[in-house]
Amino acid sequence: MLRYRQVLSMLVLLSLLLMLSACTAPVAPGAPAPSASDTAAPVVTWYYYDQDNTDPEANERVGNFYLAETIPQFNEEFVGQYRWVNVPRDYNLVLDLVAAVQNNGDVPDIMRTGTADLPTFLLNNTVQDITDYVTNAPWYADLDPKAVEACTGPDGKLYCVPVSESPYLVYFWTDLYPEGFPKTTDAFLAKAAELKADENFALTYWGSTAFDGEGAGRYYYQVISSFGGSYDDGQGNMRLNTPENVAAVEFMREIVANGYSPEAAFVGNFEEEASFKDGLAGAFPTGFYIGYQYLNPLKSPTGQEFNTVSAQDMEDAVNTGVMGLAPIFAPEGATPGCHMDVFGFVIPNGAKNVEGAKAYIDWIMQQERAVQWVLRAGGGVPVASSVREDPAFQTDIFKQGAAALEASDCKPWYGSLTRIAEAKKLITETMFNLLKGNPDADIAAALAATEAEYNSNN
Amino acid sequence: MDWIRKRLGLSAPGWLPFWVIFPALLVIAAIQLYPTLYTIILSLQQIEPGTGQFVFVGSRNFERLFGSIAFTRSLVHTAIFLLGYVAITLGASFAIALLLRQRLRLTPLYITLIFVPWIISDVVAGAVWRLFVVPDYGLFSPFFANPALFGEPNGISILTSVPPNQLSPRVPLPPAPALLFLIVASTWKILPFTTLLILGALQTVSPEVQESAKIDGASNWQLLLRIILPLIKPMLAVTLFYLLLGGINGVGMVFSLTGGGPGTSTEVISYLLYSIGFSKLDFGLAGALSVFIAVLNFGLIALTLKLSAAYEEQ
């Protein structure tokens, strides 16, 4: 018979073992237990979609259903060779991946990402150089060179595979802009004065510092790049104090001072969208994908409602001619500028099944698979020209989006900047202060101070 | 303990107490000691661009932190927030507790109702208060937009107005309306708990002592200042301690009510930490700020303990 002391010692040992077991690698949530006969190597993906979430009202329902439908298809096609295991993540997956790679933790073999995250990945050595694989792939020649450039690091190597791209453009109500959205800044100001006389706002936009400065790549960059400006000098330094940028800020100040935009433009947390969705503001500069996917339900200035509360609302509004898409305005003779999001895949450092990851990408890049991925998991318009010709992308909304992309000079807002999280916060804080906080402040001095603050850490 | 010793056959205490608390010690080491030490190590390191490797940089993160505008600005915001939050909460809690002590007919109902804000999460409370002041449709927005009350041309908008002539970027004074609104909302949230703490303390003050003081000619004011307040001072110290620590470390309400804005007007030190660590992914700098906040917390704990000890000596 065991003595009490022995029992106690065993209990202590057991608790110690339990704790140690907690420190070992966790089983990926959502990973099905392999059957005895299934020897296929897992290809682990990270998406912020959850294949097991069947809630038809879930925010990411489109992506959730996409995964639920396509995971079995992949597994069937690669039976005995690869098995797709998706680990659903929340929106912090960039942070999670950086931390996982740094700590030699469990990393996926492949992750869906946007190129706006690429500088962060490169700074932290999070993702693999996949130049050889991509440039030798059969689908490479078909890709939009701009998207390929967005996946290219400062060293000229490729670090991601672009699948879809989403330019920043302007969604506008044709009730308020029956002759189309103004092409020049002067025409816009004239029209804005007219709209104000009728108690309408000409436009609303992301003017706040919300989400740690997300606004830097949106309206602010659209206007600045349309004036020929940028945020960097091409050498990794921030350069804000330029005549073009000063002119752009002066123009944006005029919009605020004249009351052409609602107060809510500076609130954040998506309040800026509300007046556009309700038809009170005539236009909303945003990403093609964002507008398509998230601007719903809609009510036009004349009261027409679109309320399926899905991407269908925007599609219906465009198809019926109530809503239009256009490039943002630019000074006379200048080309409209815009930021472009490119979505695709990265293969992280530490990935266990790199060959499986490549097989997965090749599978996704097939025409039909790519169509589904862009429509339901990626967003925007396809990067591959052959996929863009698919009938699924011949609807009015995609045609107008593609036309706006063609008419604009789109590039990533961060240019050669590498610490983009820091940059975007500094830039939006400065822009907010110049437009709203202290509209009489010296623009050039404020821009110079901001660039000096960023560059001091270079 | 004796019967345990006998049952286990241990005549002397030996290692038994250690083994009994050993699992708890392991848990504490795993979830508190290790992260603390790791954070200190992190504060002395920085990621080498391009390699993703942490390299030792000595005190560079602290130099960066103390030299940054964002840090001094957030300290000023935190100080203003704490001042308002602690003063209003303590004052209001004490006043409400005095009222509730009167044993009115519906006192139990009042106590139940007053506890409602406490059971709401910070994030939900922040979101609700935010809805009150959203421009265009917020319940209180027309009130604040009244030019007669809040100045020409359109009054103020809590979530977007920033005083135009602040002292400097490092010293953002006067504070933005959003920071004052954050104080009010945070006070509303914590008030039930602190009120109950003080009410509990008030109920321990012997009625006989109070009656004796009154018989000796003490006015109500004297009774309050000379008898009641000194007797509940330990609980007031605990409440103060709780408010200070909660005020420095709390981020939920800031996150959901203002998101640090407008601009950076409500970026308090805990929000700055979140921003540096989880948005900028600057783990070294976040480690340095964590160490600073920990020292601040330890300083406050030491101060409170000293105050309590001084009171006990009295």
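Cut-offs used in this document
Residues numbered from 1 in each chain as written. Chains lettered and ligands numbered in written order. Predicted model: local features only at pLDDT ≥ 70, side-chain atom pairs only at ≥ 80, totals over all residues. Helix = DSSP H or I, 4+ residues; strand = E, 2+ residues; numbered from the N terminus. Rg over C-alpha atoms; globule rule 2.2 N^0.38 Å. Buried ≥ 20, exposed ≤ 12 C-beta atoms within 10 Å, placed from the backbone. Contact = placed C-beta atoms within 7 Å. Core = buried A, V, L, I, M, F, W, Y, C linked by C-beta atoms within 7 Å. Domains from an automatic or database assignment. pLDDT = per-residue confidence, 0-100. Nonpolar A, V, L, I, M, F, W, Y, C, P; charged D, E, K, R; others polar. Pairing = 2+ DSSP bridges. Right-handed = clockwise from strand over helix to strand, strands pointing away. Axes fitted to C-alpha atoms, helices over the stretch in contact; angles between N-to-C directions. Parallel < 35°, antiparallel > 145°, perpendicular 65-115°, else oblique. Left-handed = near helix turned anticlockwise from the far one by under 90°.

Participant: Can you walk me through the overall build of chain B in this structure?
Facilitator: A tally of helices and strands in chain B yields 16 helices and two strands. Relative to the compact-globule value of 20 Å for 314 residues, chain B shows a C-alpha radius of gyration of 25 Å, a clear excess of over 25%. With respect to the principal axes defined by its C-alpha atoms, chain B has extents near 65 × 60 × 35 Å. Among the 314 residues that make up chain B, the fraction classed as buried is 32%.

Participant: Would you mind going over the overall build of chain A with me for this structure?
Facilitator: The helix and strand inventory of chain A stands at 19 helices and 12 strands. Over its C-alpha atoms chain A spans a radius of gyration of 24 Å, differing by no more than 12% from the 23 Å that the globule rule assigns to 458 residues. Referenced to the eigenvectors of the C-alpha coordinate spread, the extents of chain A come out at roughly 90 × 50 × 45 Å. In chain A, buried positions account for 51% of the 458 residues. Pairs at least 24 apart in sequence give 73% of the contacts found in chain A among residues at least 6 apart.

Participant: What should I look at first to understand the nonpolar core in this one?
Facilitator: The tendency in soluble globular proteins is for nonpolar side chains to be buried as a group. Counting 176 residues, the largest nonpolar core has Ala 283 of chain A together with Leu 182 of chain B as the members making the most contacts within it. A total of nine residues in this core trace back to one element, the largest contributor, which is helix 18 (residues 420-437) of chain A. In terms of nonpolar packing, the next biggest core, distinct from the first, is built from 10 residues, Ile 96, Ile 198, Ile 232 and Leu 236 of chain B among them.

Participant: Is there a simple way to think about the domain arrangement of chain B in this case?
Facilitator: Domain assignment breaks chain B into domain 1 (2-31) and domain 2 (69-282). Between the C-alpha centres of domain 1 of chain B and domain 2 of chain B the distance comes to 44 Å.

Participant: Explain the confidence of the model for chain B here, please?
Facilitator: The predicted coordinates should not be examined in detail at positions where pLDDT is low. With 95% of its residues at a pLDDT of 70 or more, chain B shows a mean pLDDT of 88. If you check the scores for this complex, the pTM reads 0.84 and the ipTM reads 0.81.

Participant: Honestly, unusual backbone geometry in this entry has me stumped. Any pointers?
Facilitator: Most peptide bonds adopt trans geometry, and most residues besides glycine take a negative phi value. The residue after Asn 296 of chain A, namely Pro 297 of chain A, is reached through a cis peptide bond having omega -5°. Position of Pro 297 of chain A relative to the elements: it lies in the loop between helix 12 (288-294) and strand 6 (298-299). The residue after Gly 261 of chain B, namely Pro 262 of chain B, is reached through a cis peptide bond having omega 0°. Along the polypeptide, Pro 262 of chain B turns up in the loop between helix 14 (252-257) and helix 15 (269-279). If you check the backbone angles, Asn 104 of chain A has positive phi at about 55° while not being a glycine. Within the secondary structure, Asn 104 of chain A is located in the loop between helix 3 (93-102) and strand 3 (110-114). A residue is classified by how many C-beta atoms lie within 10 Å of it, and Asn 104 of chain A, with 9 of them, is exposed. With a phi angle near 55°, Phe 211 of chain A is a residue other than glycine that sits in the positive phi range. One can find Phe 211 of chain A in helix 8 (residues 210-213).

Participant: What's the story with the interface of chain A and chain B in this structure? I'm lost.
Facilitator: One widely used convention gives an interface's size as the accessible area the parts lose upon coming together. Counting residues at the interface gives 40 residues for chain A and 32 residues for chain B. Contributions of two or more residues to the side of chain A that touches chain B are made by helix 1 (4-22), helix 3, helix 4 (118-123), helix 8, helix 11 (271-277) and helix 18 of chain A. Among the residues forming the side of chain A that touches chain B, the class breakdown is 17 nonpolar, 15 polar and eight charged.

Participant: Sorry if this is basic, but what is going on with the pairing of strand 2 (residues 82-88) of chain A here?
Facilitator: Side chains on a regular strand alternate between the two faces of the sheet. All names here are of chain A. For strand 2, the tally of buried residues reaches six of seven residues, placing the bulk of the element in the interior. Pairing geometry for strand 1 (residues 41-47) and strand 2, over seven bridges, is parallel. Its bridge partner being in strand 2, Tyr 47 is matched across the sheet by Pro 88. Note on the crossover from strand 1 through helix 2 (residues 61-77) to strand 2: the handedness is right-handed.

Participant: Help me understand the pairing of strand 3 of chain A in this model?
Facilitator: All names here are of chain A. With five of five residues buried, strand 3 lies mostly within the body of the structure. Sheet topology note: the strand 1/strand 3 ladder contains two bridges and is parallel. By the bridge assignment for strand 3, Thr 45 is matched with Ile 110. Pairing between strand 3 and strand 10 (residues 340-346): four bridges, direction antiparallel. When the bridges of strand 10 are listed, Gly 114 appears paired with Phe 343.

Participant: Help me understand the environment of Met 111 of chain A, please; the structure alone is not making it clear to me.
Facilitator: Residues and elements named next belong to chain A. When you line up the elements, Met 111 lands in strand 3. Assessed through the 28 C-beta atoms surrounding it within 10 Å, Met 111 is described here as buried. As a C-alpha pair, Met 111 and Pro 301 span 190 residues in sequence and 41 Å in three-dimensional space.

Participant: Can you help me understand the packing of helix 10 (residues 243-257) of chain A against helix 19 (residues 443-455) of chain A in this one?
Facilitator: The geometry of a pair of packed helices is captured by two quantities: the angle between their axes and the separation between those axes. All names here are of chain A. Where helix 10 meets helix 19, the axes come as close as 10 Å, and the angle between the chain directions of the two elements is 120°. Taken together, the axes of helix 10 and helix 19 lie oblique to each other. Note on packing geometry: the crossing formed by helix 10 with helix 19 is right-handed. Listed contacts from helix 19 to Asn 245, Val 246, Val 249 and Glu 250 of helix 10 are Ile 443, Ala 444 and Leu 447. Broken down by class, the residue content of the contact of helix 10 with helix 19 amounts to five nonpolar, one polar and one charged.

Participant: Explain the confidence of the model for chain A here, please?
Facilitator: Scored by pLDDT, chain A comes out at a mean of 90, with 92% of its residues at no less than 70. Within the model, pLDDT remains below 50 along residues 18-31 of chain A, and this stretch shows 16 contacts once partners closer than five positions in the same chain are excluded.

Participant: I keep staring at the environment of Leu 197 of chain B and nothing clicks. Help me out?
Facilitator: Position of Leu 197 of chain B among the secondary structure elements: in helix 10 (residues 177-202). When residues no more than four places from it in sequence are discounted, the contact partners of Leu 197 of chain B are Met 235, Val 238 and Thr 239 of chain B.

Participant: Looking at this model, I keep getting lost on the environment of Gly 50 of chain B. Mind explaining?
Facilitator: Mapped onto the elements of the fold, Gly 50 of chain B is located in the loop between strand 1 (45-47) and strand 2 (54-56). For the pair formed by Gly 50 of chain B and Tyr 242 of chain B, sequence separation is 192 residues and the distance between their alpha carbons is 43 Å.

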